[in-house]
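Each chain, written out:
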Amino acid sequence: MSTRTSALDSLIFGVDIQSGDVRGDAPSYALVAFDGESIDRDVVSRRKLRRRIQEEAPAIVATDNTYELAEDKGALVHFLRELPTETKLVQVTGDERPEPLSRVASRHGVPYAKPPMKEAEAAARLAARNIGYEVSAFTDTTQVKVARGRSTGGGGGWSEDRFTRRIHGSVKKTAREVESKLDEAALDYEMDVTEKYGGYSQAIFEVEGKPSELPVSTHRSGDTRIEIERERRDGIEYRPLAKRRDHVVVGIDPGTTTAVALLDLDGSVLDVWSTRTAGTAEVIEWIIEHGRPVIVAADVEPMPETVEKIRRSFDAGGWIPERDLPVDEKLHRTRETSYDNDHERDAMAAALFAFDDHEDQFERISAKTPPQFDRGEVIARVVAGEESVEAVLEELTDDDEPEAETTEHDPRELTAEEKKIKRLESRIERLETHVDDLKDTIAQKNDRVAELEDELSDARREERREARERREVTRLERENERLKRELAETEQANEELDGKLERLKKLWKLDHSDFADVAADKQGLIPVKPIEQFTKGAIEAAEDDYGIAAGDVVYLRDASGAGRTTAELLADCEPRVVLREGGLSEQADQVLFDHDIPVGPADEVTVQEIDELAITRENEVESVIEDWEERAEERRQRQKSEQLDQLISEHRARDPEHG
């Protein structure tokens, strides 16, 4: 793939200063990230610009003036040192004496406007077309230094000797490891070591390659360290991105996808490129940037009109096969070259077969051309103008000596002049025809641009409408989800209430087998207030849930553990009776007894429950109360008897004579 195509497929940053001054504290930059298809625009600070370059490592950082990124040469070198190895800094307006960006953009058909964001975009698009100069302060040579990681100074004696020997031995071992890795990577290098007691104090490798190509990296560990630094140039160098090659043989495969292949005059493949979007004018521009065609070839007969138009624009010789080249022959001829698709293969095959047909002619012309003449120029004139080598050499000699006198007695020179005039007139005619063709192409492109602008305007309106619809749909979907959640919660609550209702119906439905004795008198059932434990918290919770009033039947699910205070809290509610599970403490029992609150075991009554509600039979409650009253009366009599006995005992103790 060509360098131009690679640039189009890679990430390119276009940068232009947005506000402030590069010599100030906080300039801001218009940044355009362009990958050949999509464009991302942003305004960033200098710190954020450098961070994005480090994180995204674009192929090119393009600007119209590099000194908008650095205030002087020293700062520019520092900026270049910070760039990722694979990133180029490109000044699209030229080298040390740049042109205005507007002029360069106009020349290459790139949209341009004054705002910084538009200038940044123009710079990115120009760099994507391989236009501009790479700014470099470093060579492709990298220095790798292996040295001591710590000082060898110590307390003296045998311990210091062993310490020093160990460090120098570690440096030597690491240097040999680096040497082995460079050999495995097949990199050219020169090694310079400083030997010291026990090994090396340092080893320096001058490697032909960039840091990203090296199999080692900066490292520090214990006794050794590895430092990597690119070799500086004497100054700042500007190198064109597209190196204009000499005369070339061009193969073209036109169609929906147009492919172009270039060979040098020795038959070596220089470049290959394919595009689905470029028109004839852009193909011609690409060829101009990469060389000067001697022959333009096609792989079919007759020559397609597009290829013929390109051939005429360069005044080059043409080549077509006697019959369309078969696929198997094209595959065989291009077997030693690489290409990305069939179109590139066909263009390359056309160029290679054209070179095969002219190879002997090129060699003969080269043999007759003196060293002081440009072999490519001579070949181009002989092939395109169908002149002899001698006539071309004589004409080139005349061009080099414009003031040389001519005489009327030299008919060969007159013939050459006539031929030159004829050739120039023919060239002018072809160029005028090509200009007319280009004007027609421009008119067609302008019409197409107008159509596309109308389509773009319609598409933008449609996109805005769809965006509004999407926002409304999103809002309605969120509202729908909220209503669904509310509906689900309501349905769940309804299900719980339905279950409670069913259980209540079953509870209050009196059949003959279970409640025959109260079927005629619904007043035979009374409510029961359950309390989970005989604690203050449980009593207060029951109060909050359904309240405990005087005369209620209280059901203690767990009566154990209550003290005097808890029992008094319950007694204050004045329940009719307390049904208990488990035993009461003596203190609680005494408090309830003192307040004349009946207490009885819960298993003597039938309690039916649903959630926090419960009921039991009135007659069973009465029976529990009667049993308690009988026990209470006996307890009172017993207490009176005990009190009487205690009084008698106390009296006898005070009056022993009457004892």
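Quick look at the structure, then.

Each value, and the rule that gives it
- Think of each chain on its own: its residues are numbered from 1, step by step along the sequence as written.
- Local features in this predicted model are restricted to residues whose pLDDT is 70 or higher, and side-chain atom pairs enter the listing and the counts only when it is 80 or higher, whereas totals over whole chains, interfaces and linings include all residues.
- Side-chain measures here rest on the full set of heavy atoms in the structure, leaving out hydrogens and waters.
- Relative accessibility thresholds used throughout: buried, under 20% of the residue-type maximum; exposed, over 50%; partly exposed, between the two (1.4 Å probe, protein chains only).
- Counting from the N terminus, the helices are the DSSP runs of H or I reaching at least four residues and the strands are the DSSP runs of E reaching at least two.
- Note: two strands are recorded as paired if DSSP finds a minimum of 2 bridges between them.
- Like-charged residues within 9 Å of one another, or nonpolar side chains (Val, Leu, Ile, Met, Phe, Trp, Tyr) within 5 Å, are grouped into patches, provided each residue has over 30% relative accessible area and no salt bridge.
- Per-residue and other accessible areas follow the Shrake-Rupley method at a 1.4 Å probe size, with only the shown protein chains counted as cover for residues.
- Salt bridge, as used here: a side-chain nitrogen of Lys or Arg that lies within 4 Å of a carboxyl oxygen of Asp or Glu.
- Charge counting follows a simple rule: Lys and Arg are positive, Asp and Glu are negative, and His as well as the terminal groups are ignored.
- Here the site of a charge means NZ on Lys, CZ on Arg, CG on Asp, or CD on Glu.
- To pair, rings of Phe, Tyr and Trp, with the six-membered ring standing in for Trp, must have centres within 6.5 Å; the planes then decide the type, stacked if under 30 degrees apart, edge-to-face if over 60, and tilted in the middle.
- In our convention, an over-ring charge means Lys NZ or Arg CZ found within 6 Å of a ring centre and within 35 degrees of that ring's normal.

Some details on the pairing of strand 8 (residues 199–208)
- A large share of strand 8 lies buried, amounting to seven of its 10 residues.
- Direction of pairing for strand 6 (residues 133–148) relative to strand 8: antiparallel, over a ladder of seven bridges. Pairing of Ala147 across the sheet is with Gln202, part of strand 8.
- Pairing of strand 7 (residues 189–196) with strand 8 involves eight bridges; the strand directions are antiparallel. The partner of Val193 across the bridge, within strand 8, is Ala203.
- A loop of two residues connects strand 7 with strand 8, the two strands running antiparallel in sequence, and Gly198 in this loop sits at a positive phi of about 90°.

Some details on a positive patch on the surface
- Taken together, the side chains of Lys118, Arg460, Arg464, Arg468 and Arg471 present a region of like positive charge at the surface.
- The biggest single contributor to the positive patch is helix 13 (residues 411–508), with four residues.
- Counting through the fold element by element, Lys118 comes out in helix 5 (residues 116–128).

Focus on the packing of aromatic side chains
- Here the structure, examined in full by the defined rule, presents four aromatic pairs.
- Note on Trp273 and Trp286: the rings are 5.0 Å apart at their centroids and 20° apart in plane angle, and the pair reads as stacked. Highlighted residues: Trp273 in strand 13 (residues 269–275) and Trp286 in helix 7 (residues 280–290), separated in sequence by 13 residues. Pair check on accessibility: Trp273 and Trp286 agree, each one buried.
- Sitting above the plane of the Phe34 ring, Arg125 keeps its charged end 4.8 Å from the centroid.

By themselves these figures say nothing about function.
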